[in-house]
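Below, each chain spelled out in residue letters.
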Amino acid sequence: METPWNVFFCAVSPFSYAMRALVINEFSSPRWQDLPAPGVPGETLGNYALGSFDFYTNTPWIWGGLGFNFGMYILLTIGSIIALAYLHPETPRAQIPDQSQLEAARQQGEERRKTMNSRRMDANSVIIPVTPGKGTRKDSSEDDSNSEDLDMKSSRTNPALMHSPSSALNKGGQSDISSSLPFTPITLVFKDIRYFVPNPRYDKKAARAAARAKQTQAEMEMTKGSSDPTDPKAKTPPLDMTLMEELQLLKGLTGYAEPGVLTALMGGSGAGKTTLMDVIAGRKTVGRIQGDIYANGHLVEQRSWSRVMGYCEQFDIHSPAQTVREALVFSARLRMPPSVSDEKVDAYVDEVLDIVDLMDIMYNLVGIPGTNGLSVEQRKRLTIAVELVSNPSVVFMDEPTSGLDARAATTVMRAVRNVARNNRTVIVTIHQPSIEIFEAFDMLLLLQRGGSITYFGALGSHSQNLIDYLCQIPGTPELPNGYNPATWMLEVTGGSMATVVKAVNADWPSVYRESELCKSNLAYAHELVERDSKQCPKLEVQSQYAMPFRAQMSILLRKFTLAYWRSPSYNMVRLLVTLLVSILYGTTYYKKGQVGYPATLGEIQNVIGIMFSSSNFLGMTNLMSAMAVIGYERVVFYRERGASMYDPFAYGYAMAMVEMPYLLVQSLCFVPIMYWMVLFLPTPEAFFHYFIMFFETVCFYTIFGQFLVYITPNAGIAQVLGGLFNYLFNIFNGFVITYPAMPSGWHWMNRFSPPTWILYGLGVSQLGQSEVPMDPTLVDGQVLPVWQYVQQQFGYDYSMRWWCVLILLAYILFVRVTSILALKYWNFLRR
Ligand SMILES: Nc1ncnc2c1ncn2[C@@H]1O[C@H](COP(=O)(O)OP(=O)(O)OP(=O)(O)O)[C@@H](O)[C@H]1O
Ligand SMILES: [Mg+2]
C-alpha cells in the first residue's frame, strides 16, 4: 500500500536510488532483455521482472540514481560544514545544578576543616594543615626560611640519615588521615630488581647466524692460537639490537621506602621510573621480573600486596558519570572490608575530600576530559583521592604534578606530603619539580637511562646530601646560586638536556655501585628485612577482594544505574529511535502483518521482512551504541581490576543487569505499537512470544556489542568486527537465502548464527499455524496451507517456537559468560 510516508522516504532515500539503479542496470542487460517473459506476449523477461517488483524499466534511472547520490554527497558535505561552523555542541554540564546541596557541602567542608585543625592541635600532631597559613608547625629543628608558601618539609629527622628504627614497628599508634581507621605501616624493601621485556626488534634468524659466526670465529682463533682475549686493541663489535632476545629495562635495583618518608623517584624521560613502580606494585603484564620485594620483612604476595597499596597512575581515568564524592565512596566501599561500616566509610571519604581539597566540588560530575567536568588539576587530585580512600599503607604516585601549573602542583604536593606524614609509605615519580616541591621530599631515588641507580639516599636539608654526593665527582660544576637542584642534578648526570650546566662525563651508575652510600644502603635494606621479618607479621588477607561478591555486585549495580540514568544521550536517543522506528514500521507496513486469502509470496515476504529488518536494525543500533559506552568504561575497569576492587564476574553481572530496564522499555516502545499497527496475530500467546523474542533480540545485540569490545584491543576494531558479524548474520539467518535453499555445506553457519533463531521464532509463531491456502499459481496448482509452505520453503516448524526463545536465551548467557572470561583472562593492557 502506498502511504505518504512510503512515497516521501522512497523519494529522499539514497538507498532506494542506489537499489533502483543497480536493479535496472542488471535487468536491462541483453541477458534479461533477449528472453521473452512467460505468459506475457511482447514483454521481455527483464521488464517483467522489474515490473513485478514495482521497479521502473527506463534506463535513465541508472545514471539518475548515481547523480542523485552524488548530489546527496555534496549536499551532506555542505550541511556538515555549515553545522561545524554555526552549531555549538551541548554546553559542558559539569555540575549537578543543586545549589542547596553545594552550599551544604561547602559548610560541611568548612566545619570538618575546623574540627580537624583543632584535633590536630589538641593531639600535638605534626600533620600539616591543608589550608595554608592556618597551622602550627611543631618541629623547629629545620630551617624555616623557604617554607612560607609551601609548608611541607618533613618535620622529622630524616630516617635515611639516621638509620633510625623503622616506623613499621610503630604499629597503630600514629595519627592518621582518619583517626578512626587504623592501618599497618609498611616498610618496603626491594632487592636486586631486574626486569626484562621481549625485544620487539629481535631477529631470530640473524641472531642464530651471528651466534654461528661467532662460534666459527672462536674455533678458528683457537686453532690459530693467535688471539688474546685481553688484547686491548681487540675491538668489541657495536651492540646490534636485533640480536638481543630481551631488553633489560631495570638493572639490579636495590632500595627501600619507610613509613612516614616521602621518596622521590626521578630520572630523565625513559629512565624506567614507571617501569620500576609497576614492577614493585605488581602491575606489569608483560616481561620477566627477577629480584625480591619485601613488605615488613616478608616477601610480598600479590593478593595481599594489592590490598594494602594505592597506585595513582599517570593518566587520570575515571567514570565520567559519577560525582567526585560518588567516585570516592565507590572506591572506598569496595576496598574496605565489611567490618568498616558505611558511616565510617562516608566519614573517611569526607576526610580525604578535605585532605585533597575537593570538598567544594564534591557534587560535581567528573565528566569527560577535554569536554566537560573537572579540570586537569582537579582530576589529578581525584586520582590521588580515589587511592587514598582505600586507606592504603603504601602509596605509589606516577607523576602527580605533570600538566599542572605551579599553584596546582603545590596543592597536590601538599596533599601528598600530608599522606606521607600520616605514616604511610609514599613513592612519587616527578618531573621538573620546583625547588620547594623538590625539597619537600625526604629521599631521592635517581635513575639513569637504562634502568640503573645514579643516587639513592636522603636529600638532606636544601638537598645538601645530594649536592655533596654529586660534587665529589671530579668535574661536577657547582650548583649555581638560586638554581633548582633538581634541574642541576638531571643536567650534570645527563638525565636531561643541559641548559645551564654541562653534563659530567662519568659513569654515574658505576660511581654509585662503588660508593659508600650504596654499601650502606644495601646493608640498611638487609637490616630492615632482617629486623621486620622477626618483629612484624606477614601481610595476610582472607580473600582477594575486600568486599564479598554480593556486595560487589550491588555496589557496581548502583554505580552503573546512576551512570546510565545520567547518560541521556545514550539511553534517550536509543529509545527515541526505537519509537520512531516502531511508528515508521507501523505506517509503512500498516495491516500487512497477515496474509490475504489466498496468500501470496509477497505477503509472506512482507511478514518475515518486517521481522528481519526491524530486529536487525534495532539490534545493530544497540550493538553500536553499546560499544561506544563500554569502550570508555573498559579503561576504568582495567584500573579498578589492578586495584583488586571487584571480581570481573560481579562487574559483568552488573553491566548486564543495568541494561535490562532500558531494554525492557525499548521493547515496550516498539512491540506494542508496531505489532498492533502492522496487525500481527491478535492472540495473547503470539503477542507475548513476539515481545519476549524482541526483548531477547535487543539483549543479545547489546551484550554482543559489549562482548566485541571485550575481545578486541580497541573500539575501532570492535566496530569493524561488528559490521562483519552483521554481514554474516544477514547472509546466513535464512531470510536472504532460506535454509533449504542454502548449500548444505553452509547449513552449520545458519544454525550457528543467533539471528537465525530470532527469525525462526518470530516467523513460525506468526505463520506456522495458518491454514490459509497459498496462491495455487505459486505452488503448481496444489492446495498448500501457509504453515506447510513455510515449513517447506523456510524449514520452520511451529513446535519450535518456544525452543527458539530458549536457544536465544542460551546464546545470551553464553556470550555474557564468555565476555566476563575475556575480561578476566584476556589482557589488552600491555604495560
Ligand atoms: N614493554 C616494553 N617493551 C619495550 N620497551 C619498553 C617496554 N616498557 C617500557 N619500555 C621502555 O623502557 C624505558 C623506560 O620506560 P618508562 O616508561 O619506565 O620510563 P619513565 O622513566 O617512566 O619515562 P617517562 O618520564 O617518559 O614517563 C623506555 O625507554 C621505554 O620505551
Ligand atoms: Mg613514566
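Residues numbered from 1 in each chain as written. Chains lettered and ligands numbered in written order. Predicted model: local features only at pLDDT ≥ 70, side-chain atom pairs only at ≥ 80, totals over all residues. Heavy atoms only, no water.

Under an unreviewed UniProt entry, the name given to the protein is ABC transporter domain-containing protein, and the organism recorded is Chlamydomonas eustigma. You can read under Subcellular location (unreviewed entry) in the UniProt record for the protein the words "Membrane". What the UniProt record of the protein gives under Sequence similarities (unreviewed entry) is the line "Belongs to the ABC transporter superfamily. ABCG family. PDR (TC 3.A.1.205) subfamily." (UniProt positions renumbered as here; feature names shortened; annotations may be inferred.)

1. A few points about the overall build of the protein
For the protein, the count of helices and strands is 29 helices and ten strands. Residues classed as buried in the protein amount to 49% of the 831 residues present. Carbon together with sulfur atoms contributes 62% to the accessible area of the protein, which is approximately 39,500 Å² in total. (Helix = DSSP H or I, 4+ residues; strand = E, 2+ residues; numbered from the N terminus. Buried < 20%, exposed > 50% of the residue type's maximum accessible area, 1.4 Å probe, protein only. Areas by Shrake-Rupley, 256 points an atom, 1.4 Å probe, with all protein chains shown as cover.)

2. Some points on the pairing of strand β6 (residues 309-312)
Across the two faces of β6 the burial is the same, with M309 and Y311 and G310 and C312 all buried. Sheet topology note: the β6/strand β7 (residues 394-398) ladder contains four bridges and is parallel. Looking at the pairing, Y311 lines up with F396 of β7. (Pairing = 2+ DSSP bridges.)

3. What about the sheet that holds β7?
Pairing is mixed across the open sheet formed by six strands, whose spatial order is β6-β7-β8-β3-β9-β10. One side of each edge strand has no neighbouring strand; the edge strands of this open sheet are β6 and β10 (452-458). Each adjacent strand pair in this sheet contributes to an overall mean axis angle of 15°, direction not counted. Here β7 runs beside strand β8 (residues 425-429); their pairing, made up of five bridges, is parallel. Within the sheet, the bridge partner assigned to M397 lies in β8 and is V428. Lying on the sheet, helix α9 (residues 273-281) is in contact with β3 (262-267), β6, β7, β8 and β9 (443-448); it crosses β7 at an angle near 155°. (Axes fitted to C-alpha atoms, helices over the stretch in contact; angles between N-to-C directions. Contact = heavy atoms within 4.5 Å.)

4. Focus: the side chain of R424
One can find R424 in the loop between α14 (406-421) and β8. For R424, the side chain forms a polar contact with the main-chain oxygen of P392, separated by 2.5 Å. (Polar contact = N/O pair within 3.5 Å; in protein donor to acceptor, adjacent residues only side chain to side chain.)

5. Description of unusual backbone geometry
Omega for the bond connecting Y597 with P598 falls within 30 degrees of zero, at -5°, which places this linkage in the cis form. Relative to the helices and strands, P598 is located in the loop between α21 (568-588) and α22 (601-642). Even without being glycine, N296 reaches a positive phi, approximately 50°. Tracing the chain through its elements places N296 in the loop between β4 (288-295) and β5 (298-299). Of note in this structure, N423 is not a glycine but carries a positive phi near 70°. Here N423 is to be found in the loop between α14 and β8. Residue N423 is classed as buried on the basis of its relative accessible area, which comes to 2%.

6. A closer look at the nonpolar core
Of all hydrophobic cores here, the largest spans 109 residues; its most connected members are W305, F396, L444 and M489. Sorting elements by how many residues they give to this core places α14 first, with eight residues. Ignoring sequence-local partners within four residues, the contact set of W305 consists of I186, L188, I280, A281, A295, V300, V394, F396 and L539. Grouped together as the second largest cluster of nonpolar side chains are 88 residues, L556, M655, V658 and F707 included. (Core = buried A, V, L, I, M, F, W, Y, C linked by side-chain atoms within 4.5 Å.)

7. Describing the UniProt feature "transmembrane region" (unreviewed entry) in the protein
The sites that carry the UniProt feature "transmembrane region" (unreviewed entry) are, in the present numbering, residues 61-87, 572-590, 610-632, 662-681, 687-712, 724-742 and 800-823. In residues 610-632, helix accounts for 100% and strand for 0%; the two terminal C-alpha atoms are 34 Å from one another.

8. Brief notes about the sheet that holds β4
Strand order in the open sheet formed by four strands is β2-β1-β4-β5, and the pairing between neighbours is antiparallel. Each edge of the sheet is formed by a strand with only one pairing partner; in this case those strands are β2 (246-257) and β5. Where β4 and β5 come together, two bridges link them in antiparallel fashion. Residue pairing in the sheet places A295 in a bridge with H298 of β5. The strands touched by α9 within the sheet are β1 (188-198), β2 and β4, with β1 carrying the most contacts at an inclination of about 115°.

9. Quick notes on the site of ligand 1
Every residue lining ligand 1 is accounted for by V197, L249, G268, S269, G270, A271, G272, K273, T274, T275, E399 and H431. Taking E399, its side chain carries an N or O atom lying 3.5 Å from an oxygen atom of ligand 1. Here ligand 1, which alone exposes 640 Å², has 65% of that area covered by the protein. Among the elements that make up the shell around ligand 1, the one with the highest residue count is α9 (three residues). Among the residues making up the shell around ligand 1, the classes are represented as three nonpolar, seven polar and two charged. (Near = heavy atom within 4 Å. Nonpolar A, V, L, I, M, F, W, Y, C, P; charged D, E, K, R; others polar.)

10. What about the environment of I555?
Tracing the sequence through the fold places I555 in helix α20 (residues 549-565). Taking relative accessible area as the criterion, I555 reaches 7% and is therefore assigned buried. Along the chain, I555 and L334 lie 221 residues apart, while their C-alpha atoms are 7.6 Å from each other.

11. Things to note about a nonpolar patch on the surface
On the surface, F70, Y73, I74, I78, I82 and Y86 cluster together into a nonpolar patch covering about 700 Å² of accessible area. Here F70 is to be found in helix α5 (residues 60-86). (Patch = residues over 30% accessible without salt bridge, like charges linked within 9 Å, V, L, I, M, F, W, Y side chains within 5 Å. Salt bridge = Lys/Arg side-chain N within 4 Å of Asp/Glu carboxyl O.)

12. Focus: the packing of aromatic side chains
Two measures describe an aromatic ring pair: the distance that separates the ring centres and the angle between the ring planes. Under the defined criterion, the tally for this structure stands at 41 aromatic pairs. Ring geometry for F700 and F729: centres 6.3 Å apart, planes at 50°, overall tilted. With a gap of 29 residues between them, F700 in helix α24 (residues 684-710) and F729 in helix α25 (residues 715-732) connect regions that are remote in the sequence. Assigned by exposure class, F700 and F729 land together as buried. An aromatic cluster is defined as three or more aromatic residues linked by ring pairs; in this entry it consists of Y675, W676, F680, F687, F688 and Y690. (Phe/Tyr/Trp six-rings, centres within 6.5 Å; stacked < 30°, edge-to-face > 60°.)

13. Observations concerning the packing of helix α11 (residues 324-335) against helix α13 (residues 376-388)
A packed helix pair is summarised by two numbers, namely the angle formed by the two axes and the spacing between the axes. Relative to each other, α11 and α13 sit at 25°, their axes nearing to 8 Å. On the basis of the axis angle, α11 is roughly parallel to α13. Where α11 crosses over α13, the handedness of that crossing is right-handed. Judged by residue contacts, V324, A327, L328, S331 and R335 of α11 engage L382, A385, V386 and E387 from α13. Here the contact of α11 with α13 is composed, by residue class, of six nonpolar, one polar and two charged. (Parallel < 35°, antiparallel > 145°, perpendicular 65-115°, else oblique. Left-handed = near helix turned anticlockwise from the far one by under 90°.)

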